Amino acid sequence: MKKAIFPGSFDPITNGHADIIKRGVSLFDEIIVAIGVNAEKKYMFSLEERMRFIEETFKDEPKVRVVTYTGLTIDLCKKEKAEFILRGLRNPADFEFEKAIAHANRTMSKIETVFLLTAARTSFISSSIVRDVIRNGGDASKLVPSSVLEK
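Small disclaimer: the values here were computed from a predicted structure and weren't measured.

Teacher, can you tell me more about the overall build of the protein chain here?
On a plain count of helices and strands, the protein chain comes out with six helices and five strands. Start at the N end of the protein chain and walk to the C end: the helices and strands fall as β-α-β-α-β-α-β-α-β-α-α. A globule of 151 residues ought to have a C-alpha radius of gyration of about 15 Å, and the protein chain, at 15 Å, matches this closely. Seen through its principal axes, the protein chain has C-alpha atoms that stretch 45 × 35 × 30 Å. The buried share among the 151 residues of the protein chain stands at 47%. Excluding contacts between residues fewer than 6 apart, the proportion of contacts in the protein chain whose partners are at least 24 apart in sequence is 77%. Here the protein chain displays about 8,300 Å² of accessible surface, and carbon together with sulfur accounts for 54% of that area. Distance between charge centroids for the protein chain: 2 Å, based on 24 positive and 21 negative side chains.

In structure tokens form, the structure reads like this:
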């Protein structure tokens with residue numbers, strides 16, 4: 001069984017994240033969306049809300065599961081018996097950042113990182129842009145799944 005961990009803070013999940021997950025479903029038997037918990041970080045949405053957003057978005061997709069974790073992503077991969085980390089790339093800066101992490105993970109484990117390029121229609125979307133739009137009362141309907149808008 002090919003399992004992939006898709007890690008992130010998902011504060012909130014965006015249409016870009018959702019696109020990567022939907023496309024990843026065709027590559028893996030299971031995708032575990034892993035919400036990293038960082039006590040030092042201030043989140044707009046609670047951990048429970050972020051989990052609910054993702055679970056609601058993928059309620060009809062049995063190959064997607066949501067977990068939370070602290071610590072290293074490779075340790076979660078070992079715990080979940082996942083051989084892959086799934087990541088989305090929007091731009092060259094993402095690639096350079098993700099490449100360094102992938103090399104570090106590969107050095108410490110046998111976990112492979114699989115990169116998917118974001119769709120052109122979602123490549124500009126980031127959670128920080130979404131939070132700014134929401135914070136300022138803008139229309140985020142084209143940026144996030146409907147589960148986020150219901151909040």
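Just to check I follow, could you spell out the environment of F115 for this structure?
With respect to the helices and strands, F115 occurs in strand 5 (residues 112–117). We classify F115 as partly exposed; its relative accessible area is 28%. Counting along the chain gives 28 residues from F115 to R87, while the straight-line C-alpha distance between them is 5.0 Å. Apart from residues no more than four positions distant in its own chain, F115 is found in contact with R87, L89, E98, K99 and A102.

I keep staring at helix 3 (residues 73–80) and nothing clicks. Help me out?
Listed in full, the buried residues belonging to helix 3 are T73, I74, L76, C77 and E80. Seen along its axis, helix 3 keeps its buried residues to an arc of 155°; they face one direction. On its buried side, helix 3 packs onto strand 1 (3–8), strand 2 (30–36), strand 3 (64–69), strand 4 (84–89) and helix 4 (92–108).

Quick question: what am I supposed to make of the nonpolar core here?
One recurring pattern in soluble globular proteins is that nonpolar side chains are buried together. Formed by 27 residues in total, the largest nonpolar core has its most connected members in I13, V33, I54 and L86. Sorting the residues of this core by element identifies strand 1, helix 1 (15–25), strand 2, helix 2 (47–57), strand 3 and strand 4 as the ones contributing at least two each. Looking at which element gives the most residues to this core, the answer is helix 1, with four residues. Beyond its immediate chain neighbours, meaning those up to four positions away, I13 contacts A18, I21, F53, I54, F58, V144, P145 and V148. In this structure, I5, L76, C77 and A82 belong to the second largest nonpolar core, which totals 11 residues.

How should the packing of aromatic side chains be read in this particular structure?
Given two aromatic rings, their pairing is described by the distance between the two centres and the angle made by the two planes. Per the counting criterion, the structure on display carries four aromatic pairs. With 6.4 Å between their ring centres and 65° between their planes, F95 and F115 make a pair best called edge-to-face. Residue F95 is located in helix 4, and its partner F115 is located in strand 5; the two are separated by 20 residues in the primary sequence. Judged by relative accessible area, F95 falls into the partly exposed class, the value being 35%. We note R50 situated over the ring of Y43; from NZ or CZ to the ring centre the distance is 3.9 Å.

So, how was this worked out
Along each chain, residues carry numbers from 1 onward, in the same order as the chain's sequence is written. Under the rules for a predicted model, residues below a pLDDT of 70 receive no local features and side-chain atom pairs below 80 are neither given nor counted, while totals for whole chains, interfaces and linings still include all residues. To obtain the side-chain values, all non-hydrogen atoms of the structure were used and water was disregarded. Only DSSP runs of H or I covering at least 4 residues are called helices, and only runs of E covering at least 2 are called strands; the numbering of each starts at the N terminus. The globule rule used for comparison is 2.2 Å times the number of residues to the exponent 0.38, while the radius of gyration itself is calculated over C-alpha atoms. A 1.4 Å probe rolled over the protein chains alone gives each residue an accessible area, and that area as a share of the maximum for its type sets the label: buried under 20%, exposed over 50%, partly exposed in between. Only heavy atoms matter for contacts: two residues are in contact if any of them lie within 4.5 Å across the pair. Here the Shrake-Rupley method, with its probe set to 1.4 Å, supplies the accessible areas, and only the displayed protein chains count as covering residues. By the counting rule applied here, Lys and Arg register as positive and Asp and Glu as negative, while His and the ends of each chain are not counted. The atoms used to mark charge sites are NZ of Lys, CZ of Arg, CG of Asp and CD of Glu. The arc under discussion is defined with respect to the helix axis, by the directions toward the C-beta atoms. The criterion is simple. A nonpolar core is a set of buried Ala, Val, Leu, Ile, Met, Phe, Trp, Tyr and Cys residues joined through side-chain atoms within 4.5 Å. Centres within 6.5 Å make a pair out of two Phe, Tyr or Trp rings, where for Trp the six-membered ring is used; the pair is then stacked when the planes are under 30 degrees apart, edge-to-face when over 60, and tilted otherwise. Cation placement over rings: the criterion is NZ of Lys or CZ of Arg within 6 Å of the ring centroid and within 35° of the ring normal.

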